[in-house]
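Structural characterization, general
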Amino acid sequence: MVMPFAINHPDLMVVPSNATPQTVITEGLEKTYPGSNGSPVEALRGVDLRVGRGEIYALLGPNGAGKTTLISILTTLLLPTRGRATVAGFDVVTAAAEVRRHIGVTFQEIVLDVDLTGRQVLDFHGRLYGLDRKSRKDRIAELAALVELSDVLGRKVSTYSGGMKRRLELARGLMTAPAVLFLDEPTQGLDPQNRVKIWKYIRQLRDDHGMTLLLTTHYMEEAEALADRVGIIDHGRLVVEGRPADLVRRLGSDVVTLAGTGTLSALEKHLSELKYVSQVTLHTQEGEHRLQIGVDDGERRLAELVGLSAANSFHVQQASVHRPSLADVFLAFTGYELRDNS
Ligand SMILES: Nc1ncnc2c1ncn2[C@@H]1O[C@H](COP(=O)(O)OP(=O)(O)OP(=O)(O)O)[C@@H](O)[C@H]1O
Ligand SMILES: [Mg+2]
């Protein structure tokens, strides 16, 4: 059997000798930036994270949630203010060089020298990490095939589309056969077609090579489609985590959404006493209230819920029933919708 990701370099063994089943561990991780106007920014406020070997874990959160800060600490680019973190068994502060030997990373912003060809970008990265000529050549061929760039490797990066650049970045992150790959917003700015391609490669990496992947995203469907587990991060805290299907199931079989005006306190109390209601979230925007109610059977309960609202001085203007999604989980745990603002 061909082992496409095996490299005979002692520093680049895929599995470190002291690896634990938990490949990424953070404990009480905090990061406070000084801030420009004298008021410090608490970007991480105590994050406890565990990512198992071979797992795809997605950190889902809105702008400014702390995703890039967390990735930067785990990839040793930034020091934590408090708490600790290990990657592949190595401490990110005291064994940063070891950590770097076991990871690959692709950044949120595209950082490619556009005057180089695709091949030069990959070759340069391989040299930087001490891969010999033959290993570099083999690896470039293999990775270019994986990300479907074989035909354009000789072209300057300046001629690549956004999707091609992202794919080249992914290939570069993989040059060193990392045990753990960190992907900060791997599909930001890509059209749906290119996004689905990147998802395919990510899954392939895990399935074929047992790689551990920690990615960040603010695309709900990305987290849902890709991740074994999702952690929702908001204001520097992990507010909930779990398998997408389990998180969704927690909300109930159906979600009834009631939008309208009026008072809510009496209605909320009533709803929380109903046996078939698993969860209630209130969301107010521009004077309009929206209630998201997790129930056992939406079609069956809708009329009763609308009636109950009227009886409790809440005037329903719009009502709908849908199957819960991760978007509902996000709303339920953060109190607001995750905007897709790329
Ligand atoms: N170098 C810095 N100095 C000061 N504040 C910073 C710095 N980097 C990030 N921040 C702040 O820390 C918080 C978290 O930022 P971070 O970039 O980690 O969020 P994010 O979840 O990656 O956001 P996005 O989705 O926009 O990429 C934000 O309030 C941000 O403004
Ligand atoms: Mg970011």
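Values in this document were obtained by computation on a predicted structure and should not be read as measured data. (Residues numbered from 1 in each chain as written. Chains lettered and ligands numbered in written order. Predicted model: local features only at pLDDT ≥ 70, side-chain atom pairs only at ≥ 80, totals over all residues.)

Thoughts on the overall build of the protein chain
Helix and strand counts for the protein chain stand at 11 helices and 14 strands. Sequence-distant contacts in the protein chain: of pairs separated by 6 or more residues, those separated by 24 or more amount to 71%. (Helix = DSSP H or I, 4+ residues; strand = E, 2+ residues; numbered from the N terminus. Contact = placed C-beta atoms within 7 Å.)

What to know about the nonpolar core
By size, the foremost hydrophobic cluster in this structure holds 80 residues, and its most contacted members are Ala-58 and Val-87. The residues that make up this core include at least three from each of domain 1 (10–243) and domain 2 (252–323). Leaving out residues up to four positions away in the same chain, Val-87 has contacts with Thr-23, Val-24, Leu-74, Val-92, Val-99, His-102, Ile-103 and Val-180. (Core = buried A, V, L, I, M, F, W, Y, C linked by C-beta atoms within 7 Å. Buried ≥ 20, exposed ≤ 12 C-beta atoms within 10 Å, placed from the backbone. Domains from an automatic or database assignment.)

With respect to the pairing of strand E10 (residues 237–242)
Summarising the sheet, strand E9 (residues 229–234) and E10 pair through five bridges and their orientation is antiparallel. Bridge pairing in E10 links Val-230 to Gly-242. The hairpin turn running from E9 into E10, its antiparallel successor, is two residues long, and His-235 in that turn takes a positive phi close to 50°. (Pairing = 2+ DSSP bridges.)

Some words on the sheet that holds strand E5 (residues 90–91)
Here four strands make up an open sheet; going across it, the order is E2-E1-E4-E5 and the pairing antiparallel. In this open sheet, the two strands that pair with only one neighbour each are strand E2 (41–52) and E5. Taken together, the two bridges between strand E4 (residues 82–87) and E5 define a ladder with antiparallel strand orientation. Looking at the pairing, Val-87 lines up with Phe-90 of E5.

Some remarks on the domain arrangement of the protein chain
Each domain of the protein chain was delimited in the assignment, giving domain 1 (10–243) and domain 2 (252–323). Look at where the C-alpha atoms of domain 1 and domain 2 centre, and you get two points 40 Å apart.

Overview of the site of ligand 1
In the region of ligand 1, 14 residues are neighbours, and Tyr-33, Ala-43, Lys-67, Thr-68 and Thr-69 sit closest. Put simply, the parts of the chain that give the shell around ligand 1 at least two residues each are E2 and helix H1 (67–74). Here the element with the most residues in the shell around ligand 1 is H1; it accounts for three residues. The class makeup of the residues in the shell around ligand 1 is four nonpolar, nine polar and one charged. (Near = placed C-beta within 6 Å. Nonpolar A, V, L, I, M, F, W, Y, C, P; charged D, E, K, R; others polar.)

Looking at the pairing of strand E1 (residues 22–33)
Bridging between E1 and E2 involves nine bridges; their strand directions are antiparallel. Considered in E2, the bridge of Gln-22 is made with Gly-52. For E1 and E4, the ladder comprises five bridges, and the chain directions are antiparallel. Across the sheet, the residue bridging to Val-24 is Val-87, located in E4.

What to know about unusual backbone geometry
The phi dihedral of Thr-76 is positive, around 65°, even though this residue is not glycine. With respect to the helices and strands, Thr-76 occurs in the loop between H1 and E4. Residue classification places Thr-76 among the buried positions, given that 21 C-beta atoms sit within 10 Å. Even without being glycine, Ala-88 reaches a positive phi, approximately 55°.

Considerations on the sheet that holds strand E13 (residues 288–295)
With respect to topology, four strands assemble into an open sheet ordered E12-E13-E11-E14, the strand pairing being antiparallel. Edge positions in the sheet fall to strand E12 (277–285) and strand E14 (314–322), since each has one partner strand and no second. In this sheet, adjacent strand axes meet at a mean angle of 20° when their direction is disregarded. Bridge count between E12 and E13: eight bridges; the pairing is antiparallel. (Axes fitted to C-alpha atoms, helices over the stretch in contact; angles between N-to-C directions.)

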